[in-house]
There are 2 protein chains.
Amino acid sequence: MAALSMRRVAKEVGTTPMALYHHVRDKDDLLMLTLSGTAATVPRPELPSDPRERLLAVTLHMHGTLARMPWVVEVLSLGDLTDKGALWMVEEIVGAGIACGLTEAEAVRAYRTLWHCVYGDLVFRRAMERRAEDPDRKRYFPGMLTDADAAELPHLVALADQWSELTEDYDVSGQLSAVIDGLLGRAGREGGAGRERAG
Amino acid sequence: MAALSMRRVAKEVGTTPMALYHHVRDKDDLLMLTLSGTAATVPRPELPSDPRERLLAVTLHMHGTLARMPWVVEVLSLGDLTDKGALWMVEEIVGAGIACGLTEAEAVRAYRTLWHCVYGDLVFRRAMERRAEDPDRKRYFPGMLTDADAAELPHLVALADQWSELTEDYDVSGQLSAVIDGLLGRAGREGGAGRERAG
DNA sequence: ACCTGAACACCGTTCAAGT
DNA sequence: ACCTGAACACCGTTCAAGT
């Protein structure tokens, strides 16, 4: 949130903003410190033992947890993992990737890609909510499209009316499942599960 | 950028900050307007005709273009497409998805997922660059791990030394290619191309 | 309709000074 | 080592007043 300013935090804690600078470098540093311990408040779920299902379950758990604490998402955009209590999810994702036949390097890359999917959904879901709260807000897309654009942008014009419904119908679980299929590639299919995806 | 403040833009244009409020609702509105025309400055590339290759090519073009204009990425986080000149990329992605056998709804979802992958990479690549520019910045992960954590977080402890290299080695093209495989699912494999991914 | 100046209620950060 | 007050250089936005 924007509620996390140096001055506001200082007031909350009962000191001056300047006193904080003896404990943190700058605002970003303070923000990252505020994450300490937040993961501990969320109970660790039971996970399926099949590695592919486990991979999906942990990723969905991460998504669901962060969806309920949007300010954490903003702090995570600084690009560091500062809460040790959250690392078990990264461990599980990398571990499950390896158990599915990925190399270590591939598993780390897969973790990043899955994180990007989770993070992106959270950011734009939140943006949608914010815009929904303010109904007077100008909407640009797809309202800016007219029939004259049909030659250049046929699909977008055809889908213009349904666009917002389709966007709200975004299915995190299904999409992550598909992404995992892609990331596991041949490794996932020859591993025994032999899973195939429809749509 | 943070350079786009009401007051700074007003000074640049040669008026007062308040005059801007007769043309935009608020700062977000101004930011979205600044995007108008930016896409026109980028030449539209030639694209492969095979729909799956086309899907990857457009997505990579989008990524490459935005990587060179980071402030645009920040504005896009507001969640609207305000520059008509950029819509051809969305059109191409949705169109290629459909050409690969996805339904319209699936193609829109696939577009969102690919956008999340692109956006996430841009956000965290940028965060990494910022941290690299400031070498005194505290690093939390994976430096916070010790041998005592090996029981709980075996993979992370084992990978701690290589983590930053592995993170920098993130291969956008390869990962997007894998994600596309997953998103196309059976549709992509029975479509004739019959493509299989290794790792 | 369009612009203005002054004001309100904030920011992050620095710096010299205190204990 | 730790905290303070005052100050610097900013923010977005509102509002009554001007043309």
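In what follows, the structure referred to is the one given above.
Summarised in this report is the structure supplied together with it. (Residues numbered from 1 in each chain as written. Chains lettered and ligands numbered in written order. Predicted model: local features only at pLDDT ≥ 70, side-chain atom pairs only at ≥ 80, totals over all residues. Heavy atoms only, no water.)

1. Observations concerning the pattern of salt bridges
Residue and element names in this part refer to chain A. Keep this limit in mind: What makes a salt bridge here is a side-chain nitrogen of Lys or Arg within 4 Å of a carboxyl oxygen of Asp or Glu, nothing more. We count a stretch as a helix when DSSP gives it H or I for four or more residues in a row; a strand needs E for two or more, and each element gets its number in order from the N terminus.
Inspection of every chain in the model, using the stated rule, returns 22 salt bridges over all chains. One salt bridge connects Glu92 with Arg44, and the closest N-O pair in it is separated by 3.8 Å. Remark: Arg44 occurs in the loop between helix H3 (27-33) and helix H4 (51-67) and Glu92 occurs in helix H6 (residues 87-99); sequence separation between them is 48 residues. A salt bridge links Glu129 to Arg126; its shortest N-O distance comes to 3.7 Å. Within this pair, Glu129 and its partner Arg126 are both found in helix H7 (residues 104-133), separated by 3 residues, close to a single helical turn.

2. Structural notes on the layout of surface pockets
For clarity, the cut-off: Site definitions follow a grid-based scheme: protein atoms alone, a 1 Å grid, a 1.4 Å probe that fits but cannot get out for cavities, and for pockets an open set with protein on both sides within 12 Å along at least five of seven lines, plus lining residues having an atom within 4 Å of a point. Grid points are joined across faces, edges and corners, and a volume is the space filled by probe spheres set on the points. We call Asp, Glu, Lys and Arg charged. Ala, Val, Leu, Ile, Met, Phe, Trp, Tyr, Cys and Pro are nonpolar, and the rest, Gly among them, are polar.
Roughly 1,700 Å³ of internal volume is contained in the largest pocket. For the largest pocket, the lining is made up of 44 residues, of which Glu74(A), Ser77(A), Glu74(B), Ser77(B) and Tyr119(B) are closest to its centre. Of all the elements in the fold, those that place two or more residues in the lining of the largest pocket are H3, H4, helix H5 (70-76) and H7 of chain A together with helix H2 (27-33), helix H3 (51-67), helix H4 (70-76) and helix H6 (104-133) of chain B. Per-class residue counts for the lining of the largest pocket are 28 nonpolar, 2 polar and 14 charged.

3. Concerning the interface of chain A and chain B
Cut-off, in case you're wondering: Between two residues, a contact is recorded if the distance between any of their heavy atoms is within 4.5 Å. Summed over both partners, buried area is the accessible surface (1.4 Å probe) that two parts give up on being assembled.
Listed as interface residues are 80 residues of chain A and, on the opposing side, 80 residues of chain B. Buried surface at the junction of chain A and chain B, summed over both partners, amounts to about 7,000 Å²; 57% is from carbon and sulfur atoms. Broken down residue by residue, the surface that chain A buries against chain B is led by Glu91(A), Phe124(A) and Tyr140(A), which jointly contribute 10%. Counting every contact that joins chain A to chain B gives 10 salt bridges. The residue Asp149(A) makes a salt bridge to Lys84(B) at a minimum N-O spacing of 3.2 Å.

4. Description of H4(A)
What counts is decided by this rule: A helix is expected to span 1.5 Å for every residue after the first. Type-normalised accessible area, obtained with a 1.4 Å probe on protein chains alone, sets the label of each residue: buried when under 20%, exposed when over 50%, and partly exposed for intermediate values.
Helix length check: H4(A), at 17 residues, gives a terminal C-alpha distance of 24 Å against a target of 24 Å (1.5 Å per residue), a fit within 8%. All of the buried residues along H4(A) are Arg52(A), Leu55(A), Leu56(A), Val58(A), Thr59(A), His61(A), Met62(A), His63(A), Gly64(A), Thr65(A) and Leu66(A).

5. A short note on the protein's contact with DNA strand D
To keep it simple, the criterion reads: Only heavy atoms are used to decide nearness, and a residue is near a molecule or strand if one of them lies within 4 Å of it. A 3.5 Å cut-off defines polar contacts: any pair of N or O atoms within that distance qualifies, except that in protein one atom must be a possible hydrogen donor and the other a possible acceptor, and neighbouring residues in sequence count only when both atoms are side-chain atoms.
Within the structure, DNA strand D sits among 15 residues, and Thr16(A), His22(A), His23(A), Arg7(B) and Tyr21(B) are positioned closest to it. Considering the 4 Å shell around the protein, atoms of DNA strand D inside it are sugar or phosphate in 43% of instances. Arg7(B) places a side-chain nitrogen or oxygen 2.4 Å from a base nitrogen of DNA strand D. For DNA strand D, a phosphate oxygen lies 3.0 Å from a polar atom in the backbone of Lys27(B). Per element, the largest residue contribution to the surface near DNA strand D is 3 residues, and it comes from helix H1 (residues 6-13) of chain B. Of the residues assigned to the surface near DNA strand D, the class counts are 5 nonpolar, 5 polar and 5 charged.

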